[in-house]
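Below, each chain spelled out in residue letters.
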Amino acid sequence: MALQLRPNCEYCDRDLPPDATDARICSYECTFCADCVETKLSNVCPNCGGGFAPRPIRPAQEWRPGVCTTKQAPSDKRVHLKYSVDDVAAHCARIRDVPADRR
């Protein structure tokens, strides 16, 4: 099963194409831009409380049969936060000092 490669930041709705080097994901594939992760979320996923890692880049070229963005297309479904900005801020503030590997 391949990553969805969601097309946008769930917080600011910025476009994050499949080759975006500033896309960040949590273990549930919640997707945010690096700027929001650093300046608004304090490396706390507002959905699950986990930390973030850089999202891998799916190859555009088919180096191996069937493995590329044209054969396994990225998602085109935009995802948005289900929580208010105030709720997200409170959630992130509550657990931002707990190291990501201990949450």
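Located above this text is the structure these notes cover.
Keep in mind it's a predicted model, so treat the numbers as computed, not measured.

Participant: Sorry, what's going on with helix 2 (residues 85-95) here?
Facilitator: Each α-helix winds once per 3.6 residues, and so residues spaced three or four apart point in a common direction. Where helix 2 is concerned, the buried positions are Val88, His91, Cys92 and Ile95. Projection of helix 2 onto a plane perpendicular to its axis shows the buried side chains occupying an angular sector of 95 degrees, all on one side. Facing away from the buried side of helix 2, by more than 90 degrees, are the exposed residues Asp86 and Arg94.

Participant: Can you walk me through the packing of aromatic side chains in this structure?
Facilitator: Aromatic ring pairs: the centre-centre distance and the angle between the two ring planes describe each pair. Using the criterion set out here, one finds one aromatic pair in the structure. Ring geometry for Phe32 and Phe52: centres 5.4 Å apart, planes at 75 degrees, overall edge-to-face. Of this pair, Phe32 sits in strand 2 (residues 31-33) while Phe52 sits in the loop between helix 1 (34-39) and strand 3 (53-54); the two residues are 20 residues apart in sequence, bridging distant segments of the chain. An identical accessibility class is assigned to Phe32 and Phe52; each is buried.

Participant: For this particular structure, what's the right way to read the side chain of Arg24?
Facilitator: Along the polypeptide, Arg24 turns up in strand 1 (residues 23-25). At 4.9 Å, Glu38 is the nearest oppositely charged side chain to Arg24, a buried residue that forms no salt bridge. Reaching out from Arg24, the side chain makes a polar contact with the backbone oxygen of Thr21 at a distance of 3.1 Å.

Scoring rules and cut-offs
- Along each chain, the written sequence defines residue order, and numbers are assigned to residues from 1.
- Per-residue local features are limited, in this predicted model, to residues with pLDDT of at least 70; the limit for side-chain atom pairs, both in listing and counting, is 80 or more; totals at the level of whole chains, interfaces and linings are taken over all residues.
- As a rule here, side-chain values cover all heavy atoms of the structure and leave hydrogens and water aside.
- Think of it in three bands: with a 1.4 Å probe and only protein chains considered, a residue is buried below 20% of the maximum accessible area for its type, exposed above 50%, and partly exposed in between.
- Only runs of H or I of at least four residues qualify as helices and only runs of E of at least two qualify as strands under DSSP, and these elements are numbered from the N terminus.
- Directions pointing from the helix axis toward each C-beta atom define the arc.
- Pairing of aromatic rings covers Phe, Tyr and Trp, the last through its six-membered ring, and needs centres within 6.5 Å; plane angles under 30 degrees mean stacked, over 60 mean edge-to-face, and all others mean tilted.
- Asp and Glu count as negative and Lys and Arg as positive, but His and the ends of the chain are not part of the count.
- Think of a salt bridge as a Lys or Arg side-chain nitrogen and an Asp or Glu carboxyl oxygen that are within 4 Å of each other.
- Polar contacts here mean pairs of N or O atoms no more than 3.5 Å apart (in protein, one a potential hydrogen donor and the other a potential acceptor; neighbouring residues in sequence count only if both atoms are side-chain atoms).

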